[in-house]
Amino acid sequence: MIVYRTISKGKIKWFRCELLVWGKQHRRKFPWRNTSYAYAILAAEFMLQKTNAPLVAPLYEEFMEKYPTVEALAETQFLEIKNILQPLGLSFRAERLHKSAQLLVKEYQGKIPNTQAELLKLPGVGKYTARSICANAYGQNKAVIDTNVARIFERFFGFEGGRVKSRCPLLWQAAEEIAPPRDVGIWNLTLFDFGAEVCTAKNPHCDRCLLRERCGYLKQQVK
DNA sequence: AAGACGGGGCA
DNA sequence: TGCCCAGTCTT
């Protein structure tokens, strides 16, 4: 169970500032971060679901060369898509991505919708993916929760429960409260990278963490 | 609310 | 070996 309690504005602000400073230097570079082409971002989001980002990068570039448009993807045989995505595992994603592409061509004139509600109608698109597309492709201020964000919040702010509960309203509400008023897309990326590089699931690098002095997790360890 | 899906990377 | 990864969908 995740218990939400009010967080002081000061602590939130401090958290934001520190993390954004960290992000300026340490944010990772990935091919899907260089574009605002909505289809390219949608494809990336599918591949990234529950999958290590550095593993996705080379395969993603190959994928985008072969299927540069949603129409191209929709027309491709499913088996071919399944094969190219095979090294990523979770193979049902290939089918959902293909189905989504076909639906987008058929019902949306090949345009990727720019609202959470419409995106949620696509197979394989849940709250996280829908909001990520809104943020990364359309510049909307949509905060997201993934395993990294959930873990960081849990440790720093002292929420209970680390697993991603994609339908826990309170955690999503907290994410919106904690996110800065603008550039939330960048903010999301900063949190992912911080979770991947510093606030890792196993053996977090608390010794070189700039959030150390106010982190609930570390205080707990010291006791 | 819990379980299934998954190959690859890393300790 | 065992744990973990930019989640979603089905009981």
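See the structure above.
First things first, this report covers the structure right here in the doc. Per chain, the residues get numbers from 1 upward, laid out in the order the sequence is written. Written order decides the labels, with chains lettered from A and ligands numbered from 1. Where local features are concerned, this predicted model is filtered to residues with pLDDT of at least 70; where side-chain atom pairs are given and counted, the filter is 80 or more; whole-chain, interface and lining totals use all residues. The side-chain figures draw on all heavy atoms in the structure; neither hydrogens nor water molecules are used.

Near DNA strand B, the surroundings consist of Lys-50, Thr-51, Leu-55, Gln-86, Pro-87, Leu-88, Gly-89, Leu-90, Ser-91 and Phe-92. Each atom of DNA strand B within 4 Å of the protein was classed as base or backbone; sugar and phosphate made up 59%. Polar contacts here mean pairs of N or O atoms no more than 3.5 Å apart (in protein, one a potential hydrogen donor and the other a potential acceptor; neighbouring residues in sequence count only if both atoms are side-chain atoms). Note that a base nitrogen of DNA strand B is positioned 3.1 Å from one of the backbone N or O atoms of Lys-50. Classes in brief: Ala, Val, Leu, Ile, Met, Phe, Trp, Tyr, Cys and Pro nonpolar; Asp, Glu, Lys and Arg charged; the others, Gly included, polar. Residue classes in the surface near DNA strand B are distributed as five nonpolar, four polar and one charged. A cutoff of 4 Å decides nearness: a residue is near a molecule or strand if any of its heavy atoms lies inside that distance of it.

Turning to the protein's contact with DNA strand C, a few remarks are in order. Lining the immediate environment of DNA strand C, one finds 27 residues, of which Trp-32, Leu-48, Lys-50, Thr-129 and Arg-151 sit closest. Sugar plus phosphate, as a fraction of atoms of DNA strand C within 4 Å of the protein: 68%. One of the side-chain nitrogen or oxygen atoms of Tyr-128 is found 3.3 Å away from a base nitrogen of DNA strand C. Mapped onto the surface near DNA strand C, the elements with two or more residues apiece are α2 (38-48), α6 (92-108), α8 (127-138) and α9 (147-157). Residue classes in the surface near DNA strand C are distributed as nine nonpolar, nine polar and nine charged. Helical segments are the DSSP runs of H or I of at least four residues, strand segments are the runs of E of at least two, and each set is numbered from the N terminus.

This part is about α9. With nine of its eleven residues buried, α9 lies for the most part within the structure. Here's how the labels work: a residue is buried when its accessible area is under 20% of the maximum for its type, exposed when over 50%, partly exposed in between, all with a 1.4 Å probe on protein chains only. Taken residue by residue, α9 has Asn-148, Val-149, Ala-150, Arg-151, Ile-152, Phe-153, Arg-155, Phe-156 and Phe-157 as its buried positions.

The pairing test for Phe, Tyr and Trp rings, Trp by its six-membered ring, is centres within 6.5 Å, and the orientation test on the planes gives stacked under 30 degrees, edge-to-face over 60, and tilted for anything in between. Tallied over the full model, the rule gives 13 aromatic pairs. On the numbers, 4.8 Å between centres and 35 degrees between planes, the contact of Phe-15 with Phe-156 is tilted. Taken together, the residues Phe-15 in helix α1 (residues 9-26) and Phe-156 in helix α9 connect sequence positions 141 residues apart. Residue Phe-15 is classed as buried on the basis of its relative accessible area of 0%. Taking relative accessible area as the criterion, Phe-156 reaches 2% and is therefore assigned buried. Ring geometry for Phe-156 against Phe-157: centres 4.9 Å apart, planes inclined by 85 degrees, an arrangement best described as edge-to-face.

Geometric descriptors of this kind do not, in isolation, establish any biological role.
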